[in-house]
Amino acid sequence: MDCRDSALFSGVDEASCENMLRCFSAYEQRFTSGQTILTCGQQQDMIGVLLSGSAALLRLHPDGNSTVLESLEEGSVFGEELAFTGFRDGSALIECREDCRVVFMRYDQITKRCENACACHSQVVTNLFQLLSKKSLHLSRRVEVLACRSIREKLLCFFSQQSEECGSQTFPLPFSLSMLADYISADRSAMMREIKKMKEEELIAIEGKRVTLL
């Protein structure tokens, strides 16, 4: 299992990574599209690293609908949000979007004091808390989008965030339009109509998955 492309193991060499995976009681599993990788409230002590494929963190609503809280690509780490926010009612899950390979490891094995006081273990713990900080920022930005009243306001807020993050008026969409509708909690058809109006009013231009704020 090669996890070096994951942000969790940034700054850790191959040999140390392999040693720590054994120390963390790591094991690999495969999932197919549409399959549930992890239901929040189960295996709270586990952290997953997405070795290949893509997945999404979904919040489930009583009416049967769901909201995409986060898109996960190759190298992403998930499960730390389960350990810290404690979705213990089964109201959220990690769903495989494209066939996945995932390595799971024990959360308490990562955070406990290393008997050998190894620098690489300390680096992984540092990386974990940096990931948590980024996730907190991501959720704050998501709240900012959802606080907007209209679909247009939500889209412009999201596009502005992406533009700022990329440092350019032109930027790639991080996920599909269907997932964007889920992300802003809007009906996809209504969102597409609003995007068409925004293009006609020359507020935005879209080519493929690249958006330009005009």
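The structure this text deals with has already been given above.
Predicted, not measured: the structure shown is a model, and the values here were computed from it.

Peer 1: Tell me about the packing of helix H5 (residues 151–166) against helix H7 (residues 188–200), residues and numbers included.
Peer 2: H7 packs onto H5 with a crossing angle of 70° between their chain directions and a minimal axis gap of 10 Å. Relative to H7, the element H5 is oriented roughly perpendicular. On the side of H5, the interface is formed by Ile-151, Arg-152, Leu-155, Leu-156 and Phe-159, while H7 contributes Ala-190, Met-191, Glu-194, Ile-195, Lys-197 and Met-198. Of the residues that constitute the contact of H5 with H7, the class distribution is 8 nonpolar, no polar and 3 charged.

Peer 1: Before we move on, can you summarise helix H1 (residues 14–23) with the specific residues and values?
Peer 2: Inspection of H1 places Ser-16, Cys-17, Met-20 and Leu-21 among the buried residues, and these make up the whole buried set. All buried residues of H1 lie within an arc of 140° about the axis, which places them on one face of the element. Where H1 is buried, its residues contact strand E6 (92–106) and helix H4 (119–146). One side-chain oxygen at the N-terminal end of H1 lies 3.2 Å from the backbone nitrogen of Ala-15; it belongs to Asp-13. One or two steps after H1, the chain reaches Ser-25, where phi turns positive at roughly 55°.

Peer 1: Just give me the short version of the pattern of salt bridges, but keep the residues and values in it.
Peer 2: Enumeration according to the criterion identifies 6 salt bridges in this entry. As a salt-bridge pair, Arg-30 and Glu-28 come within 3.9 Å of each other at their nearest N and O atoms. In this structure Glu-28 comes out as partly exposed when scored by relative accessible area, which is 30%. By sharing partners, the salt bridges in this structure join Glu-28, Arg-30 and Arg-101 into a single network.

Peer 1: Explain the sheet that holds strand E8 (residues 204–207) to me, and be specific about the residues and the numbers.
Peer 2: A sheet is described by the order of its strands in space; here 3 strands give the open sequence E7-E9-E8, paired in antiparallel fashion. Each of the sheet's edge strands pairs with one partner strand only, and the pair in question is strand E7 (170–172) and E8. Here the strands of the sheet are splayed against their neighbours by 20° on average, with no regard to which way each runs. The sheet contact formed by E7 and strand E9 (residues 210–213) spans 3 bridges and is antiparallel. Note that in E9 the partner of Pro-172 across the bridge is Arg-210. Taken strand by strand, H5 contacts E7, E8 and E9, and its axis lies near 100° from that of E7.

Peer 1: Please give an account of the state of the cysteines that cites residues and values.
Peer 2: Tallied over the full model, the rule gives 0 disulfides. Summary of cysteine pairing: Cys-100 is not part of a disulfide, and the nearest cysteine sulfur, belonging to Cys-96, is at 3.3 Å. Classification of Cys-100 as buried rests on a relative accessible area of 3%.

Peer 1: Describe the side chain of Ser-76, listing the residues and the values that go with them.
Peer 2: Here Ser-76 shows up in the loop between strand E4 (66–72) and strand E5 (77–78). The exposure class assigned to Ser-76 is buried, which follows from its relative accessible area of 17%. A polar atom in the side chain of Ser-76 sits 2.8 Å from the backbone oxygen of Glu-73. When neighbours within four sequence positions are excluded, Ser-76 is seen to be in contact with Gly-48, Val-49 and Leu-50.

Here is what the cut-offs are and how they apply
- Residues numbered from 1 in each chain as written.
- Predicted model: local features only at pLDDT ≥ 70, side-chain atom pairs only at ≥ 80, totals over all residues.
- Heavy atoms only, no water.
- Axes fitted to C-alpha atoms, helices over the stretch in contact; angles between N-to-C directions.
- Helix = DSSP H or I, 4+ residues; strand = E, 2+ residues; numbered from the N terminus.
- Parallel < 35°, antiparallel > 145°, perpendicular 65-115°, else oblique.
- Contact = heavy atoms within 4.5 Å.
- Nonpolar A, V, L, I, M, F, W, Y, C, P; charged D, E, K, R; others polar.
- Buried < 20%, exposed > 50% of the residue type's maximum accessible area, 1.4 Å probe, protein only.
- Arc of directions from axis to C-beta.
- Polar contact = N/O pair within 3.5 Å; in protein donor to acceptor, adjacent residues only side chain to side chain.
- Salt bridge = Lys/Arg side-chain N within 4 Å of Asp/Glu carboxyl O.
- Pairing = 2+ DSSP bridges.
- Disulfide = S-S within 2.5 Å.

By themselves, these are just geometric observations and shouldn't be taken as functional.
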